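Descriptive structure summary
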Amino acid sequence: MLKQFGVWEPLSLDESSECELELSTVRHQPEGLEQLQAQTQFTRKELQSLYRDFKNECPSGLVDEETFKTIYSQFFPQGDATTYAHFLFNAFDMDRNGTIHFEDFVIGLSVLLRGSETEKLRWAFNLYDINKDGCITKEEMLAIMTSIYDMMGRYTYPSVRDDDPSEHVDKFFQKMDRNRDGVVTIDEFIETCQKDEDIMASMQLFENVI
Amino acid sequence: MAAGVATWMPFARAAAVGWLPLAQQTMPKPPVDKTSRSDEILFVNVSGLRFQTWKNTLDRYPDTLLGSSEKEFFYNEETQEYFFDRDPEMFRHILNFFRTGKLHYPRHECIQAFEEELAFYGIIPEIIGDCCMEEYRDRKKENQERLAEDTEAENAGDAPLPPDATLRDKLWRAFENPHTSTMALVFYYVTGFFIAVSVIANVVETVPCRPLKGSVKDLPCGEKFSVAFSCLDTACVLIFSCEYLMRLYAAPSRCDFARSVMSVIDVVAILPFYIGLVMPENEEVSGAFVTLRVFRVFRIFKFSRHSQGLRILGCTLQACASELGFLLFSLTMAVIIFATVMFYAEKGTKGTTFSSIPASFWYTIVTMTTLGYGDMVPDSIAGKIFGSICSLSGVLVIALPVPVIVSNFARIYHQNQRADKMRAQQKVRQARIRMAKKGATNAFLQHKEDGGLQGGDSDSTALCVKNRSAFEHQHHHLLQCLEKTTNHEFTDEVTYSEVCMMDSVGFRTSRSTSLSSQQGATTTCCSRRSKRRAIRLANSTVSVSRGSVQELATLHITKTPVGTQYPQSRSNLNARTEDLKLNCDDYTAAIISIPTPPANTPDESLPNSPAIPGILRNSRSSTYNTQETVKISSL
């Protein structure tokens, strides 16, 4: 308390000032353009354009989870997109270090926009598999489903009832879980999806986004 | 949409792939994007300073000039760039907005220039970022205040009234601006004198005079010379009442006047007298009557009409109302706290003056304002300790809001100083404008006299022609076209009034009966029309004050003595005069390009002609446009 009254100050100057300098200068530079070209399906110009936009938005070269949630929530103003954004963040953040850098970003986009159907399905499976153990349990699916329905918000027609997500999960499992063991593995998932024509057709929709 | 959101849109759409396996219905088709996706660098040349940017950057904001196809109008094929003839320094900020999504306000720039640039490029000022928003708002408010002062100064105007001002207008003008006529000045000083006399009388009548012969007690002067004082009082009240009634009569809006502060003060100053007349000489009631006499002191507030400083003080207090409120509130809080503490601290002491908490309020206030009368003093040690804390905190609490009040006073005082300076500057400025305009019209009339475009001697025309620029040629040609169209000619003021005198005598009797039955406005009587046109010209110009009609409308259209044309068919004549009016309004507005803000007054003081107002209004709306775009600087 004496410190507050400015009485005890002269002695404690040195300690705290050094720590504060380090935090603000974390930065990330991406790998070279050629390497990224090799890793993704984008052309050089597309990569340049993507990087310019990315750098404009995130001058430090990194996106942390909070920023990501804010950005993604802007697209869904009626509902709460934070939970789904969290799952999405984990899907993009491949090395699980809590930040997305440009490589993660662009590799993820490459898969989504220029990948083959199998790759896209793999990516989707990776998204649903929250703990990345290779299979989707009912709880994981329910979490994902609830987060998607949360994005709809309150004002929907017809209104979202409380058991809508779990019904949807049951339908999903009925369709995907071949051996009825309560989990969906990647092979079951890919196999079932490839047999479904609607899903395959819809995969083409987002190809010319960039 | 913010740049950020636009950037992330492709990402959000891509992430939607994650919903596909879960979808219960088929997905809708995506929108087809026909624009080419490849990005290119655009060159933008702003007054010689060359900027380059990606096309995508500009496309982020499609509802601005640069983001839409509107910029194609500025594309220069030869140099393959977009050329804007605007301020290059400002353009830097505009382009930064596109790049970063945040608009910053440069502090060293004039706010009006900045707003004009924003308007040109189609950017609304409201998206200025938080970092600069406060500065922008302050400057904008300052600017608006200054403009309001300007218009007020012009309105209030020391300029003379239009000739048809009623007695009411004259009276009101005399009251509001005493230095406009000697009568008003005399009235001003007389009322000031009587206010002073009244206040001094109120003060003196309570002073003890020598007692009457035979009695010992000192009498207040009021009772000794009661007749004299009551005569004085009556006289003053009569004068004040007269003044109030005259002001009420003269006020343009009686409701507003009755509600204004000064009128309330006037009423309160004279009311006690009248109430005293009405009230019976009752013992109980006279007590209340005595209280009413206190209100006579309000007469001193009437001085605020005479003193600018008092008005400023009043303004300041008004402006600082919230600070004063805060001061009062915090003082009250502190008073209650300390009074309670002192009361309980002194409770034990025998014979203490701190008999109750409300009684302690008095001690607390006296101590906090460092007065310290000493009528109530704490005895116990606890009481003394708390008493000292009380006085220390009192100084602080009172000192805090004072700088705010002081700075507000300074601001308002400077505004007033500025208003006075403005007035002086306005006079000079308008004198200059008058001279310039006269020069232009004289040039045209001179040109006509010399034979001008009509031919005449080749020698004289050659001489004349050399001295004029291409611009003047075109202008004169235009004026001549107008003359030919309307079959009237331009003259100057002197000739016009002479002609008018002649016409009014000659034409009134024969014309008025036949044509006055037509739409009331299209009279052919020169004088009537001249009067109306004078007003209409004054109203339809874009300048503000009614009083400046003499300064601005130096071009009157005279009626040539083409008496043979009058017996023509009425519709024809009417059409021509309507045509005439239309051209007249457009013309004068185009010529008169004083860069003052668009007027408010024209709308109110529309002339009473029901038939033509539509035309006039249309022409007025076009006059606003022409005023902005046609800035003929030679005038």
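Nothing here was measured: the structure is a model prediction, and the numbers come from that model.

**A short note on the overall build of chain A**
Across its full length, chain A holds 11 helices and four strands. Counting across all 210 residues of chain A, residues that qualify as buried make up 40%. Relative to all contacts within chain A whose residues are 6 or more apart in sequence, the contacts with residues 24 or more apart total 58%. Accessible area of chain A: about 12,200 Å², with a carbon and sulfur share of 53%.

**Topic: the overall build of chain B**
Looking only at helices and strands, one finds 25 helices and six strands in chain B. Of all 635 residues assigned to chain B, the portion counted as buried reaches 38%.

**Examining the packing of aromatic side chains**
One pass over the structure, following the stated rule, counts 47 aromatic pairs over all chains. With a centroid separation of 5.5 Å and an interplanar angle of 75°, the aromatic rings of Phe68(A) and Phe11(B) are classed as edge-to-face. Residue Phe68(A) is located in helix α4 (residues 65-73), and its partner Phe11(B) is located in helix α1 (residues 3-15); the two belong to separate chains. Phe11(B) carries the same exposure label as Phe68(A), and that label is buried. Taking 6.4 Å as the distance between ring centres and 25° as the angle between the ring planes, the aromatic pair formed by Phe84(B) and Phe91(B) counts as stacked. Its relative accessible area of 1% is what places Phe84(B) among the buried residues.

**Quick notes on the interface of chain A and chain B**
With 47 residues of chain A at the interface, the matching set in chain B holds 31 residues. For the pairing of chain A and chain B, the buried interface totals around 3,300 Å² over both sides, and the portion due to carbon and sulfur atoms is 71%. In this structure, the connection of chain A to chain B is made through one salt bridge. Across the salt bridge formed by Asp53(A) and Arg60(B), the nearest N and O atoms sit 3.9 Å from each other. In this assembly, chain A and chain B are joined by four residue pairs in polar contact (both at pLDDT 80 or more).

**Some points on the UniProt feature "domain: EF-hand" (unreviewed entry) in chain A**
Residues and elements named next belong to chain A. As annotated by UniProt and renumbered to match this structure, "domain: EF-hand" (unreviewed entry) occupies residues 80-115, 116-151 and 164-199. Between the C-alpha atoms that bound residues 116-151 the distance is 28 Å, and the span itself is 72% helix and 8% strand. End C-alpha atoms of residues 164-199 are separated by 21 Å, and the span's content is 72% helix alongside 8% strand.

**A short note on the UniProt feature "transmembrane region" (unreviewed entry) in chain B**
With numbering matched to this structure, UniProt assigns "transmembrane region" (unreviewed entry) to residues 183-204, 257-279, 324-345, 351-373 and 385-406 of chain B. Between the C-alpha atoms that bound residues 385-406 of chain B the distance is 33 Å, and the span itself is 91% helix and 0% strand.

**Looking at the confidence of the model for chain B**
Residues and elements named next belong to chain B. With 68% of its residues at a pLDDT of at least 70, chain B reaches an overall mean of 73. Confidence over residues 455-461 falls short of pLDDT 50; this stretch has three contacts with residues more than four positions distant or in other chains. Here the complex is predicted with pTM 0.51, and the ipTM for its interfaces comes to 0.81.

**Some thoughts on the pairing of strand β2 (residues 49-54) of chain B**
Residue and element names in this part refer to chain B. Direction of pairing for strand β1 (residues 41-46) relative to β2: antiparallel, over a ladder of six bridges. What sits directly across from Val46, in β2, is Leu49. Adjacent in sequence and paired antiparallel, β1 and β2 are bridged by two residues, among which Ser47 carries a positive phi angle near 50°.

**Considerations on the confidence of the model for chain A**
Mean pLDDT over chain A works out to 82, with 87% of the residues at or above the 70 mark. When pLDDT is averaged over each helix and strand of chain A, the minimum, 50, is found for helix α1 (residues 14-22) of chain A and the maximum, 91, for helix α5 (residues 82-92) of chain A.

**Points about unusual backbone geometry**
The phi dihedral of Arg180(A) is positive, around 50°, even though this residue is not glycine. By the element assignment, Arg180(A) lies in the loop between α9 (164-176) and β4 (183-185). Exposure remark for Arg180(A): the relative accessible area of 55% places this residue in the exposed category. Phi is positive for Gln80(B), which is not a glycine, with a value near 55°. Within the fold, Gln80(B) resides in the loop between β3 (75-76) and β4 (81-84). When its relative accessible area of 48% is taken as the criterion, Gln80(B) is described as partly exposed.

**Focus on a nonpolar patch on the surface**
Residues and elements named next belong to chain B. On the surface, a cluster of nonpolar side chains totalling about 420 Å² of accessible area is made up of Leu310, Leu313, Leu317, Phe409 and Tyr413. Looking at the nonpolar patch, the elements with two or more residues in it are α13 (308-319) and α17 (402-449). Ranked by residue count, the leading element in the nonpolar patch is α13, at three residues. Among the structural elements, Leu317 can be located in helix α13.

**Thoughts on the packing of helix α3 (residues 44-57) of chain A against helix α6 (residues 102-114) of chain A**
Residue and element names in this part refer to chain A. Look at α3 against α6: their axes get within 11 Å of each other, and the N-to-C directions meet at 130°. The angle between the axes of α3 and α6 places the two elements in the oblique class. The chirality of how α3 crosses α6 is right-handed. Packed against α3, whose contacting residues are Glu46, Leu47, Leu50, Tyr51 and Phe54, the element α6 presents Phe102, Phe105, Val106, Leu109 and Arg114 at the interface. Across the contact of α3 with α6, the residue classes tally to eight nonpolar, no polar and two charged.

**Some details on α13(B)**
The first and last C-alpha atoms of α13(B) sit 16 Å apart over 12 residues, in line with the 16 Å expected at 1.5 Å per residue. If you check the start of α13(B), you find a side-chain oxygen 3.3 Å away from the backbone N of Gly309(B), and it comes from Ser307(B).

**Observations concerning the side chain of Lys69(A)**
All names here are of chain A. Along the chain, Lys69 turns up in helix α4. The buried category is assigned to Lys69, whose relative accessible area is 17%. Other than its neighbours up to four places away in sequence, Lys69 contacts Thr82, Ala85 and His86.

**Observations regarding the nonpolar core**
Membership of the largest hydrophobic core comes to 64 residues, with the highest contact counts inside it found for Tyr72(A), Leu88(A), Tyr128(A), Met141(A), Phe189(A) and Trp8(B). Counting residues in each nonpolar core, the second largest holds 27 residues, with Val46(B), Leu58(B), Phe91(B) and Ile94(B) among its members.

**Re the pattern of salt bridges**
Residue and element names in this part refer to chain B. Following the criterion strictly, the structure yields 22 salt bridges over all chains and no others. We note a salt bridge from Glu243 to Arg305, for which the minimum N-O separation is 3.7 Å. Of this pair, Glu243 sits in helix α9 (residues 226-250) while Arg305 sits in the loop between α12 (283-294) and α13, and the two are 62 residues apart along the sequence. Exposure class is identical for Glu243 and Arg305. Each is buried. A salt bridge links Arg259 to Asp256; the shortest N-O distance between them is 2.9 Å.

**Topic: the environment of Trp19(B)**
Here Trp19(B) is to be found in the loop between α1 and β1. Look at Trp19(B) and you get partly exposed, because its relative accessible area is 22%. Not counting the four nearest positions on each side in its chain, Trp19(B) is found in contact with Tyr72(A), Phe76(A), Tyr84(A), Tyr128(A), Ile148(A), Met151(A) and Met27(B). Only 2.9 Å separates the side chain of Trp19(B) from the side chain of Tyr84(A), close enough to count as a polar contact.

**Section: the sheet that holds β1(B)**
Residues and elements named next belong to chain B. Spatially, the four strands line up as an open sheet ordered β2-β1-β4-β3, and their pairing is mixed. The open sheet terminates on both sides in strands that have one partner only, identified here as β2 and β3. With three bridges connecting them, β1 and β4 associate as parallel partners. Its bridge partner being in β4, Val44 is matched across the sheet by Tyr82.

Analysis parameters
- Residues numbered from 1 in each chain as written.
- Chains lettered and ligands numbered in written order.
- Predicted model: local features only at pLDDT ≥ 70, side-chain atom pairs only at ≥ 80, totals over all residues.
- Heavy atoms only, no water.
- Helix = DSSP H or I, 4+ residues; strand = E, 2+ residues; numbered from the N terminus.
- Buried < 20%, exposed > 50% of the residue type's maximum accessible area, 1.4 Å probe, protein only.
- Contact = heavy atoms within 4.5 Å.
- Areas by Shrake-Rupley, 256 points an atom, 1.4 Å probe, with all protein chains shown as cover.
- Phe/Tyr/Trp six-rings, centres within 6.5 Å; stacked < 30°, edge-to-face > 60°.
- Buried area = accessible area lost by both parts, 1.4 Å probe.
- Salt bridge = Lys/Arg side-chain N within 4 Å of Asp/Glu carboxyl O.
- Polar contact = N/O pair within 3.5 Å; in protein donor to acceptor, adjacent residues only side chain to side chain.
- UniProt positions renumbered as here; feature names shortened; annotations may be inferred.
- pLDDT = per-residue confidence, 0-100.
- Pairing = 2+ DSSP bridges.
- Patch = residues over 30% accessible without salt bridge, like charges linked within 9 Å, V, L, I, M, F, W, Y side chains within 5 Å.
- Axes fitted to C-alpha atoms, helices over the stretch in contact; angles between N-to-C directions.
- Parallel < 35°, antiparallel > 145°, perpendicular 65-115°, else oblique.
- Left-handed = near helix turned anticlockwise from the far one by under 90°.
- Nonpolar A, V, L, I, M, F, W, Y, C, P; charged D, E, K, R; others polar.
- Expected span 1.5 Å × (residues − 1).
- Core = buried A, V, L, I, M, F, W, Y, C linked by side-chain atoms within 4.5 Å.

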